[in-house]
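# Tertiary structure, described
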Amino acid sequence: MKRPLIVQKFGGTSVGSVERIRNVAEQVIRAKQTGKQVVVVVSAMSGETNRLVDLAKQVDSVPNARELDVLLAAGEQVSMALLSMALNKLGHAAVSLTGAQAQITTNSRHNNATISHVDTSVIDQYLDQDKIVIVAGFQGVNESGDITTLGRGGSDTTAVTLAGVLNAEECQIYTDVDGVYSCDPRVVTNAVKWPEIDFPTMHEMARKGAKVLHLPCVSYAWQHQVPLRVLSSFESGHGTLVVGEQAKAQVQGVALRKQMRLLKIAKSHVDVVDKQKEMLGVDEAEWLHDEHFSQLLLKSDCSDRLKLVIENKLVAEQDVALITMIGVEAIAQASQYQQLLNHSDISVLHFCEDKHSITLVIEPEAIDKAAVVLHDNTIITSGTVVEDVKQVHLG
Ligand code: ADP
Ligand code: ASP
Ligand code: MG
């Protein structure tokens with residue numbers, strides 16, 4: 001039996017100004033007035049985390065990971081306090097808690113930590129006093145009490161984890177689009193909104209770059225069967241419910257990943273570079289091998305860190321972007337995708353096959369055009385269109 005409790009998470013744009021924080025407060029009050037307990041998770045105000053990262057980089061181009069967490073956690077602390085003030089001002093008792101105060105424990109992997117345990121006693125104590133509890137997203141503390149953060153976009157994961165441990169009826173992720181689309185609606189104007197999306201497809205979308213949901217958030221909800229919904233904080237609507245275990249075979253979505261890099265390395269150095277990559281905690285990287293060289297495909301910022309230690313083993317580097325077609329049937333259509341892109345003067349540098357998807361590595365300037373071409377020739381024409389109303393709010 002679920003508890004009559006809802007977890008609502010509001011992302012950066014949704015708390016991007018004092019006016020928007022007041023709107024969020026009103027929305028939270030409406031949820032409370034249905035008689036349910038409400039736990040709210042907030043992100044930093046839009047642009048704030050980037051501003052803090054930039055400040056850190058002005059001091060040190062590769063900032064100390066522990067100190068970066070101390071700095072970045074401050075962003076969410078601002079939002080939670082302002083929202084709590086707004087709620088109290090409107091006559092609804094609320095209390096804000098940092099990750100540490102909410103007793104969210106993580107491992108010690110600074111900048112990309114994983115939640116290991118939540119002791120809900122403090123949150124429960126305030127809920128028992130009929131208070132709205134606001135928790136700072138994206139942060140926790142390790143066993144030594146040091147502040148950690150969960151990786152960019154990590155507030156989604158805070159919300160879903162709290163929904164899981166509190167046995168909430170639903171975890172609602174409020175953001176600046178009104179649900180999950182077949183591709184990023186800011187890039188592909190024909191993208192279609194799904195009323196529902198199954199867990200395997202959503203997981204693959206998030207894994208391949210669709211930042212509408214943080215990957216560990218989807219994994220947690222899937223594993224613990226937390227009802228998870230993505231909705232707009234600007235418009236009313238039912239959003240997208242993530243539900244079901246069965247992925248459809250057809251291509252369901254297109255995920256984009258910008259700011260990626262290929263590092264070309266002599267075959268004799270692959271083992272050493274692989275070890276250094278592991279020591280730095282760069283786990284999201286893929287090796288592409290050909291006859292003479294091996295290339296490591298990874299995020300540009302991880303590549304900057306890795307390059308500091310492997311500079312002399314590097315033969316060449318290239319900025320790239322990735323476009324992933326999601327659906328088991330996509331794998332067999334690689335040559336069709338290549339032809340479609342070639343017709344638009346876009347060359348495919350590499351293909352990477354996965355169980356449920358195929359990724360095309362292309363030049364970064366071509367990514368938006370490639371997304372439109374592949375999306376409109378696959379998703380739209382394959383009859384997957386389910387809803388065509390779109391609400392996008394610029395942050
Ligand atoms: P928040 O700050 O609320 O966490 P994010 O910027 O992290 O918001 O995520 C929302 C953004 O995700 C949207 O503005 C959209 O540009 C992007 N996005 C990428 N892929 C998708 C998709 N398939 N469906 C919806 N939004 C997507
Ligand atoms: N503020 C953090 C970020 O910008 C976490 C989040 O928004 O979920 O990545
Ligand atoms: Mg996000």
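As the structure is a computational prediction, the values presented were derived from the model and not from experiment. (Residues numbered from 1 in each chain as written. Chains lettered and ligands numbered in written order. Predicted model: local features only at pLDDT ≥ 70, side-chain atom pairs only at ≥ 80, totals over all residues. Heavy atoms only, no water.)

### Some thoughts on the sheet that holds strand β3 (residues 94–97)
- Pairing within the open sheet is mixed, and its eight strands lie in the order β3-β6-β2-β1-β9-β11-β12-β10. Of all strands in the sheet, those with a lone pairing partner are β3 and β10 (196–197), marking the two edges.
- Sheet topology places strand β1 (residues 3–10) next to strand β2 (residues 37–42); six bridges connect them, and they run parallel. Bridged to Phe 10 within β2 is Val 42. (Pairing = 2+ DSSP bridges. Helix = DSSP H or I, 4+ residues; strand = E, 2+ residues; numbered from the N terminus.)

### Some thoughts on the side chain of Ser 357
- Residue placement: Ser 357 occurs in strand β18 (residues 357–362).
- Separated by 2.7 Å, the side chains of Ser 357 and Glu 204 make a polar contact.
- Not counting chain neighbours up to four residues away, the residues in contact with Ser 357 comprise Glu 204, Lys 208, Thr 324, Met 325, Ile 326, Gly 327, Ile 331 and Cys 352. (Polar contact = N/O pair within 3.5 Å; in protein donor to acceptor, adjacent residues only side chain to side chain. Contact = heavy atoms within 4.5 Å.)

### Overview of the site of ligand 1
- Around ligand 1 sit 17 residues in total, of which Thr 175, Asp 176, Tyr 181, Asp 184 and Arg 186 are the nearest.
- Between an oxygen atom of ligand 1 and a side-chain N or O atom of Arg 186, the distance comes to 2.9 Å.
- Lys 211 places a side-chain nitrogen or oxygen 3.1 Å from an oxygen atom of ligand 1.
- Protein contacts shield 90% of the accessible area of ligand 1, which totals 570 Å² for the unbound molecule. (Near = heavy atom within 4 Å. Areas by Shrake-Rupley, 256 points an atom, 1.4 Å probe, with all protein chains shown as cover.)

### As for the UniProt feature "binding site: ATP" (unreviewed entry) in the protein chain
- Here the UniProt-annotated "binding site: ATP" (unreviewed entry) positions come out as Lys 9, Phe 10, Gly 11, Gly 12, Thr 175, Asp 176, Tyr 181, Arg 186, Lys 211 and Val 212.
- The topology assignment puts Gly 11 in the loop between β1 and α1 (18–32).
- Classification of Gly 11 as buried rests on a relative accessible area of 7%.
- Apart from residues lying up to four places away in sequence, Gly 11 is in contact with Ser 43 and Tyr 174.
- With respect to the helices, strands and loops of the structure, Thr 175 is situated in strand β9 (residues 168–175).
- Other than its neighbours up to four places away in sequence, Thr 175 contacts Ser 14, Val 230, Leu 231, Ser 232, Ser 233 and Phe 234. (UniProt positions renumbered as here; feature names shortened; annotations may be inferred. Buried < 20%, exposed > 50% of the residue type's maximum accessible area, 1.4 Å probe, protein only.)

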